[in-house]
Structure formats: C-alpha cells, structure tokens
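Architecture and fold: a report
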Amino acid sequence: MIVDHIGYAVRDIDRARTEFEGLGYTFEESVFDVDRNVCIQFGNNGEYRVELISVMDREKEAPVVDVLKKNGPTPYHICYRSSDLATDIEKLKKKNWIVMIPRARALAFDRSGGGSVVFLYHRYVGMIELVEMGSLGDMD
Ligand code: NI
C-alpha cells in the first residue's frame, strides 16, 4: 500500500504550520471536523504529505488529546491508501490487526471527492490509518 500521509498531533496548529512551511511544506486550507473535535491541515512537500491535527475544544475529548498529553507534538500515525477498504480491513484482521476506530467519513478528504478512513492497531506495529478516496457511496 502506498503512504498517503503522516499524521502529526500538534498543540498549536498555526505555529506548527509556520514551522513546517519553513521545512518546505505548502498547506491546503484548514478543515474543522466538529464531530471529531479536531482541526486538520494537510501540507505537501514533493512526494511527502503531512496531516497536522490539533484539538478544537480543549474541554472536550478528541482522539489526539492522549497523544499530546503523553508525547507532546509528535507524528503518531501513517496513513495508507486503499482502493477497497472493506477488503483490506478483512485481510488485515486475518493478520491480527484490530479495528481501533471503525470506518467513518473523513471530512478532511471531502474536497477531493470524499473519502472514508479506518484506524487499525497491531501489537507489533502500533496504529495505522487506511483511507479510501471517493468512497462515500458505499458507506453503510
Ligand atoms: Ni491521518
């Protein structure tokens, strides 16, 4: 599977963005994912793509809160592109991967035609994300 992006948990997305721009990244518009309580920005640098993720409302839960508490700003997932999410999830489950965050629509990919993502965990690898682009049509 091809890597789509590396996800970074960051405390202050604007400051992080400035630093990543200094490293040569060019950023897309921010996406506010209210359901997940996160703000997301994708930055591109040649073949490489990062996803900066920060908490919108610090009073509420968000997937990156624990990561930030434990490690501070840090890369915490690699996302792979899938052309068939349902099939890939089944394949990985047979290899002892477990679904951590079930398949859901990913707002951040809506601009590029929509997409859905799933987070999986393996005890010897840790967490990965899979994204299937343009897959809103076959969501349950
Ligand atoms: Ni991601």
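Up top is the structure.
Notes on the structure follow. (Residues numbered from 1 in each chain as written. Predicted model: local features only at pLDDT ≥ 70, side-chain atom pairs only at ≥ 80, totals over all residues. Heavy atoms only, no water.)

**Considerations on the pairing of strand β6 (residues 74–81)**
With six bridges joining them, strand β1 (residues 3–9) and β6 adopt antiparallel strand pairing. Paired with Ala9 across the two strands is Thr74, which belongs to β6. Here β6 runs beside strand β9 (residues 126–133); their pairing, made up of four bridges, is parallel. Bridging across to β9, Ile78 finds its partner in Ile128. (Pairing = 2+ DSSP bridges. Helix = DSSP H or I, 4+ residues; strand = E, 2+ residues; numbered from the N terminus.)

**Thoughts on a nonpolar patch on the surface**
On the surface, Ile98, Met100, Ile101 and Tyr121 cluster together into a nonpolar patch covering about 350 Å² of accessible area. For the nonpolar patch, the element with the most residues is strand β7 (residues 98–105), which contributes three residues. On the secondary structure map, Met100 appears in strand β7. We classify Met100 as partly exposed; its relative accessible area is 42%. (Patch = residues over 30% accessible without salt bridge, like charges linked within 9 Å, V, L, I, M, F, W, Y side chains within 5 Å. Areas by Shrake-Rupley, 256 points an atom, 1.4 Å probe, with all protein chains shown as cover. Salt bridge = Lys/Arg side-chain N within 4 Å of Asp/Glu carboxyl O. Buried < 20%, exposed > 50% of the residue type's maximum accessible area, 1.4 Å probe, protein only.)

**Here's the deal with the side chain of Thr74**
Here Thr74 is to be found in strand β6. Here Thr74 falls in the buried class, since its relative accessible area comes to 17%. Those residues within four positions of Thr74 in sequence are excluded, and the remaining contacts are Gly7, Tyr8, Ala9 and Val67. (Contact = heavy atoms within 4.5 Å.)

**Re the coordination of the nickel ion**
Those donors, His5 (NE2), Glu51 (OE), His77 (NE2) and Glu129 (OE), are the protein atoms that reach the nickel ion, and they lie 2.0 to 2.1 Å from it. Around the nickel ion, the four donor atoms are arranged such that angles at the metal cover 87 to 177°; this shape is classified as irregular. All donors of the nickel ion belong to a single chain; written as a sequence motif, their spacing is H-x45-E-x25-H-x51-E. Residue Glu51 is found in strand β5 (residues 48–55), and its partner Glu129 is found in strand β9; the two are separated by 78 residues along the sequence. Just as Glu51 is buried, Glu129 falls in that class too. (Donors = N, O, S within 2.8 Å, 3.2 Å for Na, K, Ca; no water. Tetrahedral: all angles 85-135°; square planar, octahedral: opposite > 155°, others 65-115°.)

**With respect to the pattern of salt bridges**
Taken as a whole, this structure holds nine salt bridges when the rule is applied. In this structure, the salt-bridge partner of Lys60 is Asp57, at a minimum N-O distance of 3.6 Å. Given a relative accessible area of 53%, Lys60 falls into the exposed group. A residue is classified by how much of its surface remains accessible, and Asp57, at 27% relative accessible area, is partly exposed. Between Lys93 and Glu90 there is a salt bridge, with the nearest N and O atoms lying 3.6 Å from each other. Pair noted here: Lys93 and Glu90 are both in helix α3 (residues 85–94), with a separation of three residues, about one helical turn. Taking the relative accessible area as the measure of exposure, Glu90 reaches 41% and is therefore partly exposed. Each of the salt bridges in this network shares a partner with another, and the network as a whole consists of Asp4, Glu28, Arg49 and Arg81.

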